[in-house]
Number of protein chains: 4
Amino acid sequence: MKIGVFKIPQNSPDDLTQLDRLVQQRQLDPATITAILGKTEGNGCVNDFTRGFAVQTLKTYLQSKTDRQMAEQIVYVMSGGTEGVLSPHLTVFTCEEADLNLPQRMGLVLGVSRTRDFLPEEIGTLTMVEEVAAAVEAAIAKAGLTKPDVHFVQIKCPLITALHLKSQAEALQPVRAQNSYQSMAYSRGASALGVAVAMQEVSFAQLRPDDICSNYSLYSSVASTSAGVELQNCEVIVLGNAPHSTSAYVIGHSVMRHALDREAVAQAIATTGQPIDRVVNLFAKAEADPSGLILDKRHTMLDDSDINHTRMVRAVVGAVVASVVQDPMVYVSGGSEHQGPSGGGPIAAIAQLQ
Amino acid sequence: MKIGVFKIPQNSPDDLTQLDRLVQQRQLDPATITAILGKTEGNGCVNDFTRGFAVQTLKTYLQSKTDRQMAEQIVYVMSGGTEGVLSPHLTVFTCEEADLNLPQRMGLVLGVSRTRDFLPEEIGTLTMVEEVAAAVEAAIAKAGLTKPDVHFVQIKCPLITALHLKSQAEALQPVRAQNSYQSMAYSRGASALGVAVAMQEVSFAQLRPDDICSNYSLYSSVASTSAGVELQNCEVIVLGNAPHSTSAYVIGHSVMRHALDREAVAQAIATTGQPIDRVVNLFAKAEADPSGLILDKRHTMLDDSDINHTRMVRAVVGAVVASVVQDPMVYVSGGSEHQGPSGGGPIAAIAQLQ
Amino acid sequence: MKIGVFKIPQNSPDDLTQLDRLVQQRQLDPATITAILGKTEGNGCVNDFTRGFAVQTLKTYLQSKTDRQMAEQIVYVMSGGTEGVLSPHLTVFTCEEADLNLPQRMGLVLGVSRTRDFLPEEIGTLTMVEEVAAAVEAAIAKAGLTKPDVHFVQIKCPLITALHLKSQAEALQPVRAQNSYQSMAYSRGASALGVAVAMQEVSFAQLRPDDICSNYSLYSSVASTSAGVELQNCEVIVLGNAPHSTSAYVIGHSVMRHALDREAVAQAIATTGQPIDRVVNLFAKAEADPSGLILDKRHTMLDDSDINHTRMVRAVVGAVVASVVQDPMVYVSGGSEHQGPSGGGPIAAIAQLQ
Amino acid sequence: MKIGVFKIPQNSPDDLTQLDRLVQQRQLDPATITAILGKTEGNGCVNDFTRGFAVQTLKTYLQSKTDRQMAEQIVYVMSGGTEGVLSPHLTVFTCEEADLNLPQRMGLVLGVSRTRDFLPEEIGTLTMVEEVAAAVEAAIAKAGLTKPDVHFVQIKCPLITALHLKSQAEALQPVRAQNSYQSMAYSRGASALGVAVAMQEVSFAQLRPDDICSNYSLYSSVASTSAGVELQNCEVIVLGNAPHSTSAYVIGHSVMRHALDREAVAQAIATTGQPIDRVVNLFAKAEADPSGLILDKRHTMLDDSDINHTRMVRAVVGAVVASVVQDPMVYVSGGSEHQGPSGGGPIAAIAQLQ
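Cut-offs applied
- Residues numbered from 1 in each chain as written.
- Chains lettered and ligands numbered in written order.
- Predicted model: local features only at pLDDT ≥ 70, side-chain atom pairs only at ≥ 80, totals over all residues.
- Heavy atoms only, no water.
- Contact = heavy atoms within 4.5 Å.
- Salt bridge = Lys/Arg side-chain N within 4 Å of Asp/Glu carboxyl O.
- Polar contact = N/O pair within 3.5 Å; in protein donor to acceptor, adjacent residues only side chain to side chain.
- Helix = DSSP H or I, 4+ residues; strand = E, 2+ residues; numbered from the N terminus.
- Core = buried A, V, L, I, M, F, W, Y, C linked by side-chain atoms within 4.5 Å.
- Buried < 20%, exposed > 50% of the residue type's maximum accessible area, 1.4 Å probe, protein only.
- Pairing = 2+ DSSP bridges.
- Axes fitted to C-alpha atoms, helices over the stretch in contact; angles between N-to-C directions.
- Least-squares fit on C-alpha atoms with pLDDT ≥ 70 in both.
- Parallel < 35°, antiparallel > 145°, perpendicular 65-115°, else oblique.
- Left-handed = near helix turned anticlockwise from the far one by under 90°.

(A) Focus on the interface of chain A and chain B. Across the contact, 37 residues belong to chain A and 37 residues belong to chain B. Counting every contact that joins chain A to chain B gives six salt bridges. The residue Asp-327 of chain A makes a salt bridge to Lys-297 of chain B at a minimum N-O spacing of 2.7 Å. Linking chain A to chain B there are 18 residue pairs in polar contact (both at pLDDT 80 or more). Where the side of chain A that touches chain B is concerned, the elements lending two or more residues are strand S12 (297-298) and helix H8 (309-325) of chain A. Here the side of chain A that touches chain B gets nine residues from one element, more than from any other, and that element is H8 of chain A.

As structure tokens, this is what we get:
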């Protein structure tokens, strides 16, 4: 398996100028695209339409360049919110048959999978955890990975809009979330626990419904989940290193214990075995520490009624990560429920092999 | 001259619990307070009343502890905005006669001064530059400093509210700012150029009215200016090192060339000659790079109509500075017009002498 | 009982220029002030310090004009949020012994009371409902009112900050609210049900804990409750008409069924028996219809992650009310849980008798 | 000429469910669509991508239903911002050859036109005014209208993004706007003056460059202009009544003198000659009164640094207009520079003929 990685800047959610240039120059074959992770410049919350706009634009473009069925199979994970220095961009993953001329060595491999659509009342429940865990297992298998070599599991998951909540209320179906913004947290949390179950970090048998978005001692060290209005199911991308790879890239990861954990950023890079200037992109999760404290000092993010705390903490972790690599074009996603310890989050690094 | 430095957390703009504890325990004599720099948890923009609330609370408290005249002479500089990890706090500077029992050594000294009140139409003009320059000179002289040893000049300056703008419009007086938010920039910019003139970084003779908030190649490396609705004049605090100091503290500074300039933070600390664990506080200025780029990557802060860019960039620079010292209780103030190079800003560090 | 009503504009939360003018001109005797309802220009949500700033300023001023004990007994209800056309102002209620020279006629009377401080875990519970109901009964009795003649019950109630939530979490005490913003809703809801119980609109015996902020078919038609960070107990003001009044004012009310219920505004004025140009002030509660629909059309307030829906709906109801009386200086307060029907809210009108 | 008018709700910017239903049911022939005015649920400011998303979705859909060239000729005017009660929707205008079986009577006619693309440095200049005036003249002629019977001229105009501003700065080209948000005002203002010139409300010969966005005594009573990031030229739609119409609709207009001018809403409806229940849609422009006062009372919209005043005033005028017709699905657009008097704006009403 030969995985390619392309980091492509965007001037707006519908800007494919740089992607098209790579395609025109035959540096990137659109037929090989397997997954696209994007940071788009919306608010990253409920009414963020930049994610859907970016996906619609990509799908239309790629359908014109490949056949429709292939374009439909690509996993699109758009994470809204480029607060602070974060620079909007796409990370495009391509997958080709192993080139027999290239030597196999421990390097990047990738697997994708999808769950079925979820009902609004399933979001944030053990059912969701279970479905996601199965999908993660499937993606790991497809990638030919062993679990210790999995470094990053990205999931795009659904949310519940006000209209959904209304129709549910009429149907007298109990939905966990009281509002759309809250539903994003439940969706991210249950999805992350699905990863934790698949990765054997958490035992499904011992998991109780109330643990979800409550017992944050349970978490995955490799999960990164983003909720969006543009889908009803979960889409899964698993990244890791395997000996059958012929990719020019390698991945590593660490866990930020708090939003200012600069050491963890350096460590994630170190685990790739490559120097800092070979880093292509970093993928981090961020959350405003629910304790109200960071390094024992009070922060005001949770009490700020003008700016959602997910927006603020993306600015913070984005700045910390970007300051280490001196590159603001990194992937930092908000809301790290059950993704890393409370107030922290996993961070993965992809580097080009020397 | 013996300057004391106290960093005091606040749980709200009117919380003086920790200050009062220090006073009760006789660790801090309120009669010696000369200046108070605060980070308060408002939006740091036009309708930020946390600054005025904090000052009102402090004045009422200190008037009850000292005589009224003394309380009135204290310089209060409240900088609004504790976005991201920034933790609300006060930095209280006390000034006592030199203790003859203490050895004099190169250490912290301080001088304060005030300009006259400005008319709205004077804000952002050469008149303001000139008045501020004179006030800075006066404060430097009071501190007994030579200019090369000045490391930080903090100015609190006025802004123009909508009601002021209206009354000006009726009087057919030309005011530079079209709105209140913009007036904050002009006020900060002209004040900073006042520091630059006093510090001989910029020649007043060669300065043209149009340079203000336009020609950003002109700047001061030690100025930090904050606009607020609660005053009509400028209040100046000059900090530097002098051989006649008997303070236990020392100050240094550097200039951040951009919002992610982690090296400059380390350098500011290094210039104090003290190790990182002796740092008491850092004082930085921040602005969203007006070029729309940071390290050649596009940022979205200037095009975000939901969150003011000054708020976002405080979160960014706050995170970068805090990540270096692993302490979120630092002073980062937004809007660095003519304070450091475009997109960057001065940063000062105060450390306790070993 | 002779109740006076003064509507006083403010240019900032700490602006008492107009109040002081009335006092200087002996039109308003500060010793007779019983309650002050204010609209201040903060966000009306968790980190709105304009309410506390206004109260601190008023207390300091009134303590200098009357004796301290009297100033402490005044009930201050500051409602944050002057979105849209709403114009910041105070409504000052004075209370004097009945002037024997004045004829008694059906007119405005007023009663105030206070509950004990609440623990964070009591906010939003039946305990709170019960305590508030008792306090409302007490205020009605003090006013010498019969329940059918009660037209407006204003309550200022507490909220839970992030720090409180944290300490509660450590104590393993169950708190209903997951965050501070949500705690404001629970506090307003339980307080409103307290009014409903006192007014016999809802039976306490039949009330279940889960009804609070859930079963919105239960509501009071005269309750108006506002949460704020500046108190831990509830403060109650009851307004109605009584035959022993010698006031020059009269009060009436109606209930807005939805945010655009212009007819209810007109009806509230009609119930005073006075023409529209005698209206002194209107007091309305507003909420973004939780169904996601207004008059069967979708609204986007609940899905807007940039602006809190309480802010938006204050702008809406403020505009509707102000358009009827062609005066933007009206009192509209956000968050009408159990105050009027879902999506609507009570509206009271005070008019000067001809 | 037979103009059809369809008001179509949307559940998101890319929701065409209701439009498609009308097309499927053959109530609306997509080949006859001439113009689409939409209210989309973004912030209506610089980084509002809901407008572009809606247009992209519509274009893709209509290209699949008609031929590409026809879809390209449709004028799309998406106005962002459905604050408060405003409900996202499209108003679709169709144009067919006059049906000889239908009687001609004074009724709705429509004309569209486009200017050339503008350079960033042309936005907000007399050049823009002149080009727009010519385009408006052309659209009036196409519609077969006489100027007194023109009731509404809608223009979609460009803005300048931060990247444009940067490239301009490097080219040393003077651009009037200092930032993107401000460029929207200049673009709207110059476009509106273009309408005023075409309608002979303002003399082009006497217009000075500095009048644009400064001398607000100059205005059009029928202009409605919206700026968006998705185009570089201006697109013009002129609506009026003409005797050769075979439309079932008629249009009228009035001018709101201020944001609470409920009478003008009623008057706009009255000028259609139809009762209120025949109103299909209302089209209003709104701005936060630049004087800082509404009906002589202070408003806080211009000093609110958390929420842009264009957002707030849309909520206000939307509520006032919707309260008159008891229908929140109306078209209210922000930023009324030179559109109606300062603080007010034109309002047009389309009604179905009885």
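Having put the structure on the table, let's press on.
(B) Main features of the nonpolar core. Grouped together as the largest cluster of nonpolar side chains are 64 residues, with contacts concentrated most on Leu-282, Val-317 and Val-321 of chain C together with Leu-282, Val-317 and Val-321 of chain D. Where this core is concerned, the elements lending two or more residues are helix H7 (262-270), strand S10 (279-286), helix H8 (309-325) and strand S14 (345-352) of chain C together with helix H7 (262-270), strand S10 (279-286), helix H8 (309-325) and strand S14 (345-352) of chain D. Contact partners of Leu-282 of chain C, with chain neighbours within four places excluded, come to Val-265, Ile-269, Val-321, Val-325, Val-330, Tyr-331, Ile-347, Ala-348 and Ala-349 of chain C.

(C) Representation of the sheet that holds strand S13 (residues 331-334) of chain A within the structure. Residues and elements named next belong to chain A. Strand order across the open sheet formed by four strands is S9-S14-S10-S13, with mixed pairing between neighbours. Both edges of this open sheet fall to strand S9 (249-256) and S13, since each of them pairs with a single strand only. With strand direction ignored, the average angle separating the axes of adjacent strands in the sheet is 15 degrees. Direction of pairing for strand S10 (residues 279-286) relative to strand S14 (residues 345-352): antiparallel, over a ladder of five bridges.

(D) The pairing of strand S3 (residues 75-80) of chain B, seen in detail. Residues and elements named next belong to chain B. Extensive coverage of S3 is indicated by the burial of six of its six residues. Sheet topology places strand S2 (residues 33-40) next to S3; six bridges connect them, and they run parallel. Directly across from Ala-35, in S3, lies its bridge partner Val-75.

(E) Expanded view of the side chain of Thr-50 of chain C. Residue position: Thr-50 of chain C is located in helix H2 (residues 50-65). A distance of 2.5 Å separates a polar atom in the side chain of Thr-50 of chain C from a polar atom in the side chain of Asp-48 of chain C. Non-local contacts of Thr-50 of chain C, meaning those with residues more than four positions away in its chain, are made with Phe-49 of chain B together with Pro-13, Thr-40, Glu-41 and Gly-42 of chain C.

(F) Structural view of the relation of the copies chain D and chain A. Note on the copies: chain D fits chain A at an RMSD of 0.0 Å, the axial shift is 0.0 Å, and the rotation between them is 180 degrees. Seen this way, the second copy is the image of the first under a two-fold rotation axis. It is Phe-53 of chain D whose C-alpha, among those of chain D, lies nearest the rotation axis, at 2.8 Å. A symmetric contact is evident, with 100% of the interface residues of chain D recurring at the interface of chain A.

(G) Just the packing of helix H1 (residues 17-24) of chain D against helix H2 (residues 50-65) of chain D, in detail. All names here are of chain D. Where H1 contacts H2, the two axes come as close as 12 Å, and the packing angle between them is 15 degrees. In terms of their interaxial angle, H1 and H2 are classed as roughly parallel. The hand of the H1/H2 crossing is right-handed. Here Leu-19, Asp-20, Val-23 and Gln-24 of H1 lie close against H2, whose contacting residues are Leu-58, Tyr-61 and Lys-65.

(H) Spotlight on the pattern of salt bridges. Taken as a whole and judged by the stated rule, the model has 56 salt bridges over all chains. Across the pair Arg-257 of chain A and Asp-261 of chain A runs a salt bridge whose closest N-O atoms are separated by 2.9 Å. For Arg-257 of chain A, a relative accessible area of 55% puts it in the exposed group. We classify Asp-261 of chain A as buried; its relative accessible area is 2%. One connected set of salt bridges, linked through shared partners, spans Glu-83, Arg-311 and Arg-314 of chain A, Asp-304 of chain B together with Asp-306 of chain C.

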